[in-house]
Every structure is written in C-alpha cells, then in structure tokens.
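The residues making up each chain are set out below.
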Amino acid sequence: MGMIMEWYWALVLMLGTVVGLMFLGLPVAFAFFGANILGVFLFLRGEIGLALMPIEYVFSISKFTLVPVALFILMGEILFQTGMAFRAIAAIDRLISRVPGRLSVVAIAGGTVFSSLSGSTIANTAILGSVMLPDMLKRGYEPKIAMGPIMAVGGIAMLIPPSALAVLLASLAERSIKDLLIAGILPGAAMAVLFVAYVVLRCRLNPRLAPVETVAEARLSGWDRWRPFVIDVLPLFTIFVVVVGSIFFRIAAPEEASALGCVAAVIVCACYGELTWPKLKKALTETAKINVMILFIIAGSLTFSQVLQISGATSGLLQEFATWNMTPLLAMLLMMAVLLFLGAFMDQISMMLLTLPFFLPMADGLGMNTIWLMVMMLIAMEISLLTPPFGLLLYIMKGVAPAGIRLTQIYAAAFPFIALELLVMVFLILFPSIAIWLPSLIR
Amino acid sequence: EAKVLQAAACFPQGSFFAKRFEAFIDTVNMRGKDVVQLNYVGGAPAIGSPFTLVQKVAQGVYDISSCTGAYYQNVVPEADAWKLLERTPAEIRENGGWALMTEIHRAQGLVPLARFNYGMPFQLYLGEGHKIDKPDLSGLHLRVAPIYTNFFKAMGATTQTSNLDQVYTLMENGTVAGYGWPITGLRPGWEKVTKYRVDPGFYDVDLELIANAGAWDGLSQQARDIIQKAALEYEQQAVVEDAKAADASRAKQANEFEIITFTGADAEKWLQTARDTGWAGVEETSPENGPKLRKLFAKE
Amino acid sequence: MNGFRRIDAAVGRVYAGVGTLVGISIGLFALAIAADLVLRLLEWGNLPGMQEIVEYALYVGVFLAAPWVLRLNAHIRVDLLLSGLPRALRAALERLLDLAGIAISALMFWYGLQNLLAAKAFGAVQYGYYEVAEWLLLTVFVAGFVLLALEFLFRMIRAGEAPEALDDAEGGF
Ligand code: NA
Ligand code: NA
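On a predicted model such as this, the values are computed, not experimentally measured, just so you know.

Q: How do you make sense of the packing of helix H6 (residues 84–95) of chain A against helix H8 (residues 121–138) of chain A when you look at a structure like this?
A: Residue and element names in this part refer to chain A. Where H6 contacts H8, the axes come no closer than 11 Å and their chain directions differ by 60°. By the angle between their axes, H6 is oblique relative to H8. Crossing of H6 against H8: the hand is right-handed. Seen from H6, the contacting residues are Ala85, Phe86 and Ile89; seen from H8, they are Ile127, Leu128, Val131 and Met132. Looking at the contact of H6 with H8 residue by residue, the classes come out as seven nonpolar, no polar and no charged.

Q: It is not clear to me how the confidence of the model for chain B should be interpreted in this structure. Could you clarify?
A: Interpreting fine coordinate detail is not advised for predicted regions of low pLDDT. Mean pLDDT for chain B: 93, with 100% of residues reaching 70 or above. The weakest mean pLDDT in chain B belongs to helix H7 (residues 167–172) of chain B at 82; the strongest belongs to strand E10 (residues 208–212) of chain B at 98.

Q: Any chance you could explain the pairing of strand E1 (residues 3–9) of chain B here in plain terms?
A: Along any regular strand, the residues point their side chains to alternate faces of the sheet. Residues and elements named next belong to chain B. Most of E1 is tucked away: five of the seven residues are buried. The pairing of E1 with strand E2 (residues 36–43) spans seven bridges and is classified as parallel. Across the sheet, Val4 pairs through a bridge with Gln37, a residue of E2. Crossover handedness for the path E1 to helix H1 (residues 19–31) to E2: right-handed. Judged from the three bridges that link them, E1 and strand E3 (residues 64–67) form a sheet pairing that is parallel. Of the residues in E3, the one forming a bridge with Ala8 is Ser65.

Q: Sorry, what's going on with the domain arrangement of chain A here?
A: When the parts of a complex come together, some accessible area is lost, and that lost area is often taken as the interface size. Residue and element names in this part refer to chain A. Assigned domains within chain A: domain 1 (1–62 + 295–311) and domain 2 (63–275 + 312–441). Inter-centroid distance (C-alpha atoms) of domain 1 to domain 2 is 30 Å. Listed by partner, the interface residues are 23 residues for domain 1 and 19 residues for domain 2. Between domain 1 and domain 2, the buried area comes to about 1,800 Å², and carbon and sulfur atoms account for 74% of it. Among the residues domain 1 hides against domain 2, the three largest losses belong to Trp7, Ile298 and Gln309. Together they make up 28% of the total. Taken together, domain 1 and domain 2 are joined by zero salt bridges. Where domain 1 meets domain 2, there are six residue pairs in polar contact (both at pLDDT 80 or more). Counting residues per element, the ones that place at least two in the side of domain 1 that touches domain 2 are helix H1 (7–24), helix H2 (28–43), helix H4 (54–61) and helix H16 (277–311). Of the residues forming the side of domain 1 that touches domain 2, the biggest block, 10 residues, is contributed by H16.

Q: In this structure, what is going on with the sheet that holds strand E8 (residues 178–182) of chain B? I would like to understand it.
A: Strand pairing within a sheet occurs via backbone hydrogen bonds; the two strands may be parallel or antiparallel. All names here are of chain B. Across the sheet, six strands lie side by side as E7-E6-E8-E5-E9-E11; this open sheet has mixed pairing. In this open sheet, the two edge strands, each paired with only one partner strand, are strand E7 (158–160) and strand E11 (258–261). Neighbour-to-neighbour, the strand axes of this sheet turn through a mean angle of 30°, independent of strand direction. Looking at chain direction, strand E6 (residues 141–143) and E8 are connected through two bridges and run parallel. Note on E8: the bridge partner recorded for Arg143 is Tyr179.

Q: It is not clear to me how the side chain of Thr17 of chain A should be interpreted in this structure. Could you clarify?
A: All names here are of chain A. Turning to its location among the elements, Thr17 is positioned in helix H1. Judged by its relative accessible area of 19%, Thr17 is buried. A distance of 2.6 Å separates a polar side-chain atom of Thr17 from the backbone oxygen of Leu13. Excluding anything up to four places from it in sequence, Thr17 contacts Val12, Ala35 and Leu38.

Q: Is there a simple way to explain the interface of chain B and chain C in this structure?
A: Listed as interface residues are 20 residues of chain B and, on the opposing side, 15 residues of chain C. Carbon and sulfur atoms supply 45% of the area that chain B and chain C bury against each other, a total of about 1,300 Å² over both sides. Connecting chain B to chain C are zero salt bridges. Applying the counting rule to chain B against chain C returns two residue pairs in polar contact (both at pLDDT 80 or more).

Q: Got a minute to help me understand the nonpolar core in this structure?
A: Generally speaking, nonpolar side chains in soluble globular proteins are found buried as a group. If you look at the biggest cluster of nonpolar residues, it comprises 335 residues, and the most contacted ones within it are Phe24 of chain B together with Phe63 of chain C. No other element matches the 18 residues that H16 of chain A contributes to this core. Here this core spans two domains, since at least three of its residues come from each of domain 1 (1–62 + 295–311) and domain 2 (63–275 + 312–441) of chain A. The contact partners of Phe63 of chain C, leaving out residues within four places of it in the chain, are Tyr57, Ile61, Phe296 and Ala299 of chain A together with Val140, Phe141, Gly144 and Phe145 of chain C.

Q: In this structure, what is going on with the sheet that holds E3 of chain B? I would like to understand it.
A: Residue and element names in this part refer to chain B. Spatially, the five strands line up as an open sheet ordered E2-E1-E3-E10-E4, and their pairing is mixed. Of all the strands in the sheet, just E2 and strand E4 (110–115) have a single pairing partner and so form its edges. Averaged over all pairs of adjacent strands, the angle between strand axes in this sheet comes to 25°, irrespective of strand direction. Running over the sheet, helix H5 (residues 97–106) touches E4 and E10 and is turned about 145° from E4.

Q: Got a minute to help me understand the layout of surface pockets in this structure?
A: Over the atoms rolls a probe the size of a water molecule, and in doing so it shows where empty space is left. One number sums up the size of the second largest pocket: a volume of about 1,200 Å³. Among the secondary structure elements, those contributing two or more residues to the lining of the second largest pocket are helix H5 (67–81), H8, H16 and helix H21 (392–400) of chain A together with helix H4 (87–122) and helix H5 (134–158) of chain C. At six residues, the largest contribution of residues to the lining of the second largest pocket is made by H21 of chain A. In terms of residue class, the lining of the second largest pocket is made up of 17 nonpolar, five polar and 14 charged.

Q: Before we go on, may I ask you to explain the state of the cysteines in this structure?
A: Linking two cysteines covalently through their sulfur atoms gives a disulfide. Residues and elements named next belong to chain B. Using the criterion set out here, one finds one disulfide over all chains in the structure. Two residues, Cys10 and Cys67, share a disulfide whose sulfurs are 2.1 Å apart. Given an S-S torsion of about -80°, the disulfide between Cys10 and Cys67 has left-handed geometry. You can see Cys10 sitting in the loop between E1 and H1 and its partner Cys67 sitting in strand E3, a full 57 residues away along the chain.

Q: Mind showing me how you'd approach empty space enclosed by the protein here?
A: All names here are of chain A. On inspection of all chains with the given rule, the structure shows six cavities of 30 Å³ or more. Considered as a void within the structure, the largest cavity measures approximately 270 Å³ in volume. Among the secondary structure elements, those contributing two or more residues to the lining of the largest cavity are H5, H8, helix H10 (164–173), H16 and helix H19 (348–366). For the lining of the largest cavity, the class distribution of residues is 14 nonpolar, four polar and one charged.

Q: Sorry if this is basic, but what is going on with the packing of aromatic side chains here?
A: How two aromatic rings sit relative to each other is given by the distance of their centres and the angle of their planes. If you walk through the whole model with that rule in mind, you get 50 aromatic pairs over all chains. Pairing Trp226 of chain A with Phe229 of chain A gives two aromatic rings, centres 5.7 Å apart and planes at 90°, and the pair type is edge-to-face. Within this pair, Trp226 of chain A and its partner Phe229 of chain A are both found in helix H13 (residues 222–233), separated by three residues, close to a single helical turn. For Trp226 of chain A, a relative accessible area of 43% translates into the label partly exposed. Given the relative accessible area of 16%, Phe229 of chain A is considered buried. Considering the side-chain rings of Trp181 of chain B and Trp190 of chain B, the 4.8 Å spacing of their centres and the 80° angle between planes classify their relative orientation as edge-to-face. Overall, the relative accessible area of 9% leaves Trp181 of chain B in the buried class.

Q: I keep staring at the interface of chain A and chain C and nothing clicks. Help me out?
A: Listed by partner, the interface residues are 58 residues for chain A and 59 residues for chain C. Here chain A packs against chain C, burying approximately 5,100 Å² in sum over the two surfaces, 82% of which is carbon and sulfur. Where chain A packs against chain C, one counts one salt bridge. As a salt-bridge pair, Arg40 of chain C and Glu256 of chain A come within 2.8 Å of each other at their nearest N and O atoms.

Criteria and thresholds
Residues numbered from 1 in each chain as written. Chains lettered and ligands numbered in written order. Predicted model: local features only at pLDDT ≥ 70, side-chain atom pairs only at ≥ 80, totals over all residues. Heavy atoms only, no water. Axes fitted to C-alpha atoms, helices over the stretch in contact; angles between N-to-C directions. Helix = DSSP H or I, 4+ residues; strand = E, 2+ residues; numbered from the N terminus. Parallel < 35°, antiparallel > 145°, perpendicular 65-115°, else oblique. Left-handed = near helix turned anticlockwise from the far one by under 90°. Contact = heavy atoms within 4.5 Å. Nonpolar A, V, L, I, M, F, W, Y, C, P; charged D, E, K, R; others polar. pLDDT = per-residue confidence, 0-100. Buried < 20%, exposed > 50% of the residue type's maximum accessible area, 1.4 Å probe, protein only. Pairing = 2+ DSSP bridges. Right-handed = clockwise from strand over helix to strand, strands pointing away. Domains from an automatic or database assignment. Buried area = accessible area lost by both parts, 1.4 Å probe. Salt bridge = Lys/Arg side-chain N within 4 Å of Asp/Glu carboxyl O. Polar contact = N/O pair within 3.5 Å; in protein donor to acceptor, adjacent residues only side chain to side chain. Core = buried A, V, L, I, M, F, W, Y, C linked by side-chain atoms within 4.5 Å. 1 Å grid on protein atoms, 1.4 Å probe; cavity = no way out; pocket = protein on both sides within 12 Å on 5 of 7 lines; lining within 4 Å. Points joined across faces, edges and corners; volume = space filled by probe spheres on them. Disulfide = S-S within 2.5 Å. Phe/Tyr/Trp six-rings, centres within 6.5 Å; stacked < 30°, edge-to-face > 60°.

Here's what the structure looks like:
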C-alpha cells in the first residue's frame, strides 16, 4: 500500500532528505537518488515501485530537447580550449583603459561578449575565472572585487542568447523560444551595465579594492587599440549570427542551431589556425564532463519531482496557493520568492521542472504575460547560481580559483551582485516592457 | 473500512484527456464511500513516463489507470488495435471483441474495464505553405506519434517523433510541415502555427480504463460492481459526448483553419491506407490475434 | 597496496577512454544534426532515425561516464559542512559519504537489475523509429551503477589520496 500522508509532511520529508544529504557533502545527483529511493519506497508500494523506477531515469534524459545543453557548452569549450576566448579577452583588455577597477570591468565586458557566443554559464565562468582571476589577484585586486564580477557575468550567459536554459524553459512551457531568447537581451545588457557601474563606483570610493595600474598602458593610438578587437572579436560574432539568426529566421530548431553553432565555432577557430586535434579533444572531453555532471542531476531531480507529485506534496502546495486569491503582482512576487528559495539548494533545471506546472496555469489564469514571467524566472535562476549553499557558479569559481580562496570569501564576493540582480528584477516587475518590448518589435 | 486503490492517468492531471477519468474517480469515490475508494496520484509525465504507467499497473505499483493503447503496447502489443475500432464499444462487447481483448490483457496481469473515448478521429494538421490537394504526403516532413507513423509514411511523408512540448517549436521553426492530432484538444498556441486541417479524420482516439488483474479480482463483488457500473456509464456517455465535442471543435476550427477535404476515391484511398497500415502494424507484432481483432473491430 | 594502485590506474585509463568517447559522441551529435538540417534545407530528405540515436546515445553516455566524472571528483557537491570540519573529522565524514555512495549505488544497481529482469519477462519494447528492448537500455543503467559502487569503494580505499596518475608506465623502467 502506498503510504498516504499529509502533503506538507511529504514535502518536508522529501525536501529534507535531499537537502540533508546534500549538506553532508554527498554529490547532488546521489542526494536525489537517495531521496528517490526513500520516496518511491514510501509512496509507491516499496519494492514493487523501486523495481520500476530505473526505467524512469532512462526516459528522463534520453530527450532531444536536452541536446542543446551539451552543444551550447561545446561552443564555449571550443572557443576556450583553442585560445580564441583569450585572444578576445586580450583584445577587450586593450580597449578599456583608465577606469577604476579596470580588470573587473574588462571581465564584465569580456563576459558579456562571450555570453553571446556561449550558452553555458559554466564555460563562461570557467574561462573568465581561469584567464583573469590569477592576473587580478597577482596585481593586488581584493578577491571579492575580482571574483564577484566574474561569477555575476557568468550568469548573464543564460539571459543573452544563445542560452541552453532559455531554450529548455520555453520549450517545456510550449511558448515561443524565439521570443524568450530575444526578450533576454535587454535585461542581460542592463545587468552588465549595472555591474560595471557598481564596480567603478566601489573602486572609486575604495581604491584599495583594485590598485591603479602603475605600469602605464602605453598610450595606444586609435587603430592600435582597436585592431585586436576588429581582428579577434568581431569575426566571432558570425557564430552569434549563425545561432541566433538561424533561430530567429526560422531556419533551424534550437537543437539544430546549437549544432550549427558548434560547426561555426570549429570553422572560425580553424580560420585563425588555432584548431588542433588535442585542443578539440580537450573541448569534447570537458563538454562530456560538464554534460554528464548536469544530466546526472537532471535524471535525479526529474524523478524526484515525479515522486513529489505522487506523494501528493505538489498538488497539496498548489491547492494551498489557489486558495489565496492573489493579484498578478502578488502572484509574481510569490513565484519569485519560491524560486529564490528553491534556488538556494537546487539546480536550475530542477527548479524549472518543479515550478512550471504551477506557475504556468497560475499565470494564464491571472492573464500575466508569460514571456515576462519566463524572463523573470531566468533572472531568478541566474540569481540562484550565486546563492549559497548550492550555487553552481560558486562551485565553479571554487574549482578555478587559486588554492587558499575559501568558499566563504566566494559567497561574500557574490553577495553585492545578487543584490544588483534583485534590483534588475524589481525594475522588470515595475517595467515589464524591458522584457517584452524587443520581442513585440519583431512580430 | 473502504478498500483504497491507487489510480493514475497517462495524461497530465486536469488535461483534456484525463478529465473523464477524473470524473469517473469522483463518481466512484462518492458511491463507494465505505466500500471502495480511488486515490488519484496524478497523471504522466508528472508522475513518470506515460510509457511505463500501464507496466506499473501490471506489476501492481498502481491498481487502476486510464491510458491510450499506443502508450502501453510495450506491455500489450495488441493494445495498438484500440485506435482502429470502427464499431461502438457496445458492439464489441456484443460480438466478442471485448472478451478477446480481456483475454489478451489478462495474460499480462491486466483487465480492460471500459473505453473512455469514442468517435473522436485523428487529423492531419499542416502549417503555412504546405497545402495539399490529393492524398499524397510526399515531400512533407511531419511530427508524428507512433499511432499514425506508418500511415503517414505509407502516404509518402517523412516523419519524426518529439515530445509534445516541442510541437509548437517545430512548427514555428518550420522544422516540420505538420503534425497529427485528434480533432480536439489542441494545445493552446498551436492554432498560431497551424494553417490547414486535412479531412477526413482517421482512426479513433482511445482511452481505456485498465486495472491490475490481481487487485481487480481481489475486490469484493460489491466494490467491483460499483466500479464497473460507473465505468460503463462513462463509456456510454463518451459515445454521446465525444461526438458532440468533435462537432464543436470542427465548428471552432472552421474559423481558425482552412479545411482541405478529400472526397470520393481520394477519401477512400486515404481511409483505406490508414486502416491497412494500422492493422499491418498490429499483425506484425501479433500475427495470431491481429487478424481476429480486425474482424471484430473493423467495419469493412 | 601496490596491486590496488595498479588496478586503480588501469581502471582510470579505461574511464578516460570512456570520457573521450562520450566527448566524441557529442561532437558527432553536432555533425549529424547539422547534416540533417542541411539535407532538409536542400530538400534532399533527412537522416531518419538520427534523433533517436542521439537521444539514446545521450543517455548511454551519461550513465557510462558518470563513474569517470566521479573519479575526477567533478560531480557537483556542497562542501560547506566538509570544509568547515577539522581534518580528522572531515576524513571520517568523507569515508562515511563514500559508504553512503556505495549503498545508494548498490541499491540503484539492484533495482535496476529487477527492472531489467521484469522488462525482459514482459518483453517490454519502445516502439519509435527503432524498436528497442527496454532491458537492453537498462543494462547500461545497471553497468553504470556497478561501476559507480566500485568507484566509491576505490575512493574509500584511496582514503582521500588522488587516484594514481595515468602515466604509471614510466615508473618501472
Ligand atoms: Na548566452
Ligand atoms: Na543557489
């Protein structure tokens, strides 16, 4: 007999198990596996249910819609491993001069450019973290002003197209992928501007954060400054054009666009003479590693949300919310609060999978613009990349940062940027047109 | 103390294709107060893959479910024949068709109790720029469910499967020229990417009420009567209501889509190819029962 | 320990090979999907069944390469508690977690095997473009968790030391 318990106890038990196992330090995927075993045993008739659970894992990740995740990561890895990303950053480095916190600003600018070439927040953060962080620390930048912008701009990769997550969100919600990709551009750009403003302001108020570079950058004349940008950065935008253009002009589905993006990245790198088999192999294996890491968690969390549903926890919570009779504004605030809470300890795709079945009917019922809602969801997910205890980018940063950087330092570095992203969120709540104006232009 | 059975659907909770099952559950729970109760855990995919649900019923994870034949032919290959029904459920209960299906299901530990849909055909829907004027789909790349893959292929189309979430995107991007879907229950938004409907419709949307044989046999006679009676009421209701729903949907779509209608020999070719390819599929996996079922199910 | 070290290193080499193969498979996804698109745009047809191969390859790659990722210590984990503990306690908790990993992997293996046997008994088949027996799909699941359980065991034996470097052949001569 499947156990029947009050929905809130089921919710507490299931979430408690996952979070407990995660906190102990078990790999996240295994925390989900463990909770799933317990949940299926309790709510799906013990052994019988358990003996039919494994096939669910098979179906959960043998999905074509998950392909762009790997391929958008591969795009980023190709540019990273071949050194093209470094050249691009070096070119941007040369463009920007005489700004307080210059290298942090370079990181934000470089990260934003790279956001338009890579759909992977992970690749973005890993590149900037490994390229720029050692240099910044060596030059005496405070770790928090060095790491904060790198992590924050990593998150922009999921707002500015191509974005693996935006594609997933829109296709799961059955709304226009094209609209969502385009809708992310302005909020993403706004965020980058805000980050730069913050860094400059902080470094001006407190010059100890980022030492002024004494080695005076040789005053480069116009063309000498711009030449690397024109040669090493501008051609990279063909990749952006291939991916976003093919989706925009209905030539390709997102899976196909991501495949084209990889081919374009390979061709561009080959044109620069940077493509070798060892580099390509490294890009492929790194992609495999990240893809396995992500999809293993997706497998665990998809089955987890199925168990939550079977236990009655999901519908219990939804019915509870339904009795509150909310206004659209209140509903939006509540949804964002739920996402930010879940985002503290959950990966983006699990968050998405757990909340979409509630949020979409709620939004449709209240007559909310769903593109607006999904952009808000993307920002909430972006914030969750930075919120402890489980924030993917915090861990990526820990992975690429020099030994001796503590996790608590990384948390502290992320904090102001979380606040800035929340600010963008507030702006979007007050002025939804920041999100929905661009897509409305192309109809 | 009422006996509690676990109930689950192959379609999302609250969705069009789960509604009748959900109403049935409410009816049983009302009438069966101290005898039998159905605890509804929800519908696929929220509770797991739709393709594993009936297997779970067979193994006793759930006791009773509503599912379409296409989703559980991995357990009962002949379930594919449910879609090919051209007689009313009442007629096959008379002519031995239902009894044969029961025998086939019981061999896998399942019992079919009722058919919850009847009289709702599948249609071919096409996007902008893909108008056809004869029963020939060559050159068209279509999004299909396995239900009608063979039919569309036999008509010359190339096909691909995808999950439902992707249909909108595939159509929006022009990756596929069209898709198959029942006359009703199109997802919101699909009307924006659809331009044509091809008539006549073919096959019949099927949803069966399937119970675990052990759990069913283990119920008291009183409990079985309550469930079976309610199930038959909904089956009879389906025959009336689905015809109405199909008509209502046709009226609505008449304003949304351009209707391409085959007549005479074209219509005959369209329908006969559908029928032949459908039964060929059943006979391939079940050479013994396939021809028997065709005699009892088809009207030719 | 020498014997263990040698086996450990050999296993590591096999895993690295698996990782490379999975990486190459992802590259092939890109090529196949792009080729399919080009064929369609040229109206030369398409690569039928490609999508399903990609889907199954995605699944197979994830479950077969998961032990490799575990060996690289790259599965995402929250080390908030661990990093706050004193060294001895931390080592003890790590070994306890390895034990939990073995237990969870063993259970996943066991129920995977049950599912495999049931699928075989039922003759459960996925009817898509290809007809794929479900038990065949589950062999990958079962194998993956056997290897994961073993890898957690290896971690326990290594007790916090990094796995043997891959180029141990240099050591001898
Ligand atoms: Na991006
Ligand atoms: Na977080």
